[in-house]
Amino acid sequence: MEDSNKQNPPQPHAGESKSLNFIEQIIEDDIRTEKYGKRVHTRFPPEPNGYLHIGHAKSICLNFGLAKKYGGKCNLRFDDTNPTKEDIEYVDSIKEDVKWLGFNWNGEYYASDYFETLYDYAVTLIKKGKAYVCDLPQEEIAATRGTVTTPGIISPFATRPIDENLHLFARMRAGDFADGSRVLRARIDMASPNMLLRDPILYRILHAEHHRTGNAWCIYPMYDFAHGQCDSIEHITHSICTLEFEVHRPLYEWFIKELDIYAPQQIEFARLNINYTVMSKRKLLSLVHEKVVNGWDDPRMPTICGLRRRGYTPEALQNFAEVISVAKRDNVIDVSLLEHCLREDLNKKAQRVMAVLNPIKLVLTNFADDAVEMLDAVNNPEDTSTGLRQVPFAKELFIDSDDFMEVPQHKFFRLSPGNEVRLKSAYIIRCNEVVKNADGSIKQLNCTYDANTRTGMPESNRKVKGTIHWVSVQHAVAIETRIYDKLFLPENPEAVADGEDFRSNLNPDSLKVTTSYAEPYIKNMKAGDKVQFERVGYFCVDADSTAQKPVLNKTVGLKGQWQKTL
RNA sequence: UGUCCUAUGGUGUAAUUGGCAACACGUCUGAUUUUGGUUCAGAAGAGUUCAGGUUCGAUUCCUGAUAGGACAACCA
């Protein structure tokens, strides 16, 4: 950590000299003072009530990353204390997503595995006179809690004798009472300025089937009574959570202290926000339920499975988490940073393929009618070990309509009448004639090619201003391209006016499906493969693909705005 | 009109025990390029929310404002 070499000047480009974030500083202090020996043990504790999204990815990378960096462990723990909202489907998807992100958990735990221990803890508190069974109805409890500026009123049941509390709590567990009729509360301080300390509820009665414990229980612990104790049981050293739990920390520590059990420490960080992105689980759930999107893994969703289907890679997401770092102040990350991380990774990996999204026909008038030339094309200029492939070249080609302008505007480098342009991996051509349909639209472009300009030919180094991509008409493979745009238009789609629905901010054009053409090589691609359509953008082969019709999801465009300035 | 947290270029994160603010993204130049991509070189952009104080010196310490956030679910 410390730089022992003080003689040498600092190295501005040294990759490994990154400074520590505040959590790493805490951990290194704790290691130094041996607060937990030299152990580092974190955990990722999702509630299985929805699919994981990119905000969770930040937390996953943080917790697992810290464990890895300091030679520690990280548990996967399901915070499954509310059977009414949770489901095994979510448990499975969470495991899949964490694994896909590239992490292996030290152990798989469930809060529900600790229900018996938690129950005993509650009994301990009752015996200490620190908890009581309260018969007040829900509305009464809310009303007597006071407000943020006025103290609450002590429950008439707060002074219930210990024996009676013990007896009643046992009967709660036994199922003698109806849902909502009684709760177990901690006796702390109804006048505390911290609302969470005003005799918080520990257990509620819920005659509901739990996805793991079935009907074994009809009382379930609340988050506050479960989370810290679970951390304690697992001997977690650093319990990292988001900022909204900051006010819970005194309570977290109160239970640990009163129970006199192993004490982990809770550390809070600011959750991830990304502009133009909805991140709240509740809203994502409603998008799925109301079929605004096609499921949790719709490529427009910020869910991990959605991003995966969109063509994001674990490496890109991990790098993103690294780059945004972690701190305690509220933040809104620009989507362009996320896209940057993705391009950085994809640029190195994606197979280059030529494709034409909106074709116009181009005829090489000086090319032999039935001739087909197989030309070599580079698979990936960033990785020469991927070699070459052959692309068929013939008299009739498709080029992208974007790559031709009858009246070129200023700084348009591509094809226009009388001008030359290079066909990627092939020849330099010149446009001689624009043939129109009766309605004035372009029917085809008549061009001539310069046979001396292919790679390896004498004039192959001749410079022309633009290079465009193309596909042979007779060899082209029809593909379905699904082009995605922002799901929400405003920068902060979660902030909606009172009485207005967040869905009013939806982008009606977030999905466009078109039929396009690609070179035959596209048929070699499998679901999940990433390609870069040269000069168009990155795409990912979707699982919906058939041999006849590959389906490609647009992952992200290339850098630069030139496409839009036409 | 309570308690707690936060405050650094457009955005995010840094700044060793106080020593005239660094990195990344974005933006803009230029070079290279058979992708307007990549790569490379460079530029602009903050004097650290404000006002006091301590100090030779404050983004770092103190005081007081201001702004934003969290908390009043038998959710997590």
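Scroll up a little and you will see the structure.
Because the structure is predicted, anything quoted here is derived from the model rather than measured.

Colleague: If you had to explain the overall build of chain A to someone new, which residues and values would you point to?
Modeller: Secondary structure assignment for chain A yields 12 helices and 26 strands. Against the compact-globule benchmark of 24 Å for 566 residues, chain A has a radius of gyration of 31 Å, which places it well outside the compact range. Taken over the C-alpha atoms alone, chain A extends approximately 100 × 65 × 40 Å along its principal axes. Per-residue burial over chain A gives 51% buried out of 566 residues. Intrachain contacts of chain A at a sequence separation of at least 6 include 71% that bridge at least 24 residues. A total accessible area of about 26,800 Å² is found for chain A, and carbon and sulfur atoms account for 49% of it.

Colleague: Give a description of helix α12 (residues 335-349) that names residues and reports values.
Modeller: Relative to the 21 Å expected for 15 residues at 1.5 Å per residue, α12 spans 21 Å between its end C-alpha atoms, a close match to the ideal helical length. Looking at α12, one finds that the buried residues are V335, L338, C341, L342, R343, D345 and L346.

Colleague: Now, about helix α2 (residues 54-69): what can you tell me, with residues and values included?
Modeller: Taking 1.5 Å of rise per residue, the 16 residues of α2 would be expected to cover 22 Å, and the 21 Å separating its terminal C-alpha atoms lies within 8% of that figure. Counted residue by residue, α2 has 13 buried out of 16 residues, so it is predominantly covered. Immediately beyond the C-terminal end of α2, within one or two residues, lies G71, with a positive phi of roughly 65 degrees.

Colleague: Quick rundown of the packing of helix α4 (residues 115-127) against helix α8 (residues 249-259)? Include the residues and the values.
Modeller: Taken N-terminus to C-terminus, the directions of α4 and α8 make an angle of 75 degrees; their axes are 10 Å apart at the nearest point. It follows that α4 is roughly perpendicular to α8 by the angle criterion. Counted together, Y121, T124 and L125 of α4 and W254, F255, E258 and L259 of α8 form the full contact between these two elements. Of the residues that constitute the contact of α4 with α8, the class distribution is 5 nonpolar, 1 polar and 1 charged.

Colleague: Please give an account of the pairing of strand β13 (residues 359-364) that cites residues and values.
Modeller: One ladder, built from 5 bridges, connects β13 with strand β16 (residues 396-400); its direction is antiparallel. Bridge pairing in β16 places P359 opposite D400. Judged from the 4 bridges that link them, β13 and strand β19 (residues 442-450) form a sheet pairing that is parallel. Counted as the bridge partner of K361 is Q444 from β19.

Colleague: Break down the sheet that holds β19 for me, with residues and values.
Modeller: Read across the sheet, 7 strands follow the order β20-β17-β18-β19-β13-β16-β21 without closing on themselves; strand pairing throughout is mixed. Pairing within the sheet leaves two strands with one partner each, and these edge strands are β20 (467-468) and β21 (470-472). As defined by bridge partners, β16 adjoins β21 across 3 bridges and the pair is classed as antiparallel. Bridge pairing in β21 places I399 opposite W470.

Analysis parameters
Per chain, the residues get numbers from 1 upward, laid out in the order the sequence is written. By the order in which they are written, chains take letters starting at A while ligands take numbers starting at 1. Owing to the predicted nature of the model, reporting of local features is limited to residues with pLDDT of at least 70; listing and counting of side-chain atom pairs is limited to 80 or more, with chain, interface and lining totals taken over all residues. For the side-chain quantities, the full set of heavy atoms in the structure was used; hydrogens and water were omitted. Each helix corresponds to a stretch of at least 4 residues labelled H or I by DSSP, and each strand to a stretch of at least 2 residues labelled E; elements are numbered beginning at the N terminus. Between the two quantities, the radius of gyration covers C-alpha atoms and the globule rule is 2.2 Å times the number of residues to the power 0.38. Here the term buried applies to any residue with accessible area under 20% of the maximum for its type, exposed to any over 50%, and partly exposed to those in between, with areas from a 1.4 Å probe on protein chains only. Only heavy atoms matter for contacts: two residues are in contact if any of them lie within 4.5 Å across the pair. Using a 1.4 Å probe, the Shrake-Rupley method yields the accessible areas, and only the shown protein chains count as cover for residues. To estimate the expected span of a helix, subtract one from its residue number and multiply by 1.5 Å. For every element, the axis is a line fit to its C-alpha atoms; helices are fit only across the contacting stretch, and the angle between N-to-C directions ranges from 0 to 180 degrees. For classification, angles of less than 35 degrees are called roughly parallel, those exceeding 145 degrees roughly antiparallel, those between 65 and 115 degrees roughly perpendicular, and all remaining angles oblique. When residues are grouped by polarity, Ala, Val, Leu, Ile, Met, Phe, Trp, Tyr, Cys and Pro land in nonpolar, Asp, Glu, Lys and Arg in charged, and all others, Gly among them, in polar. In this analysis, strands are considered paired if DSSP registers two or more bridges between them.

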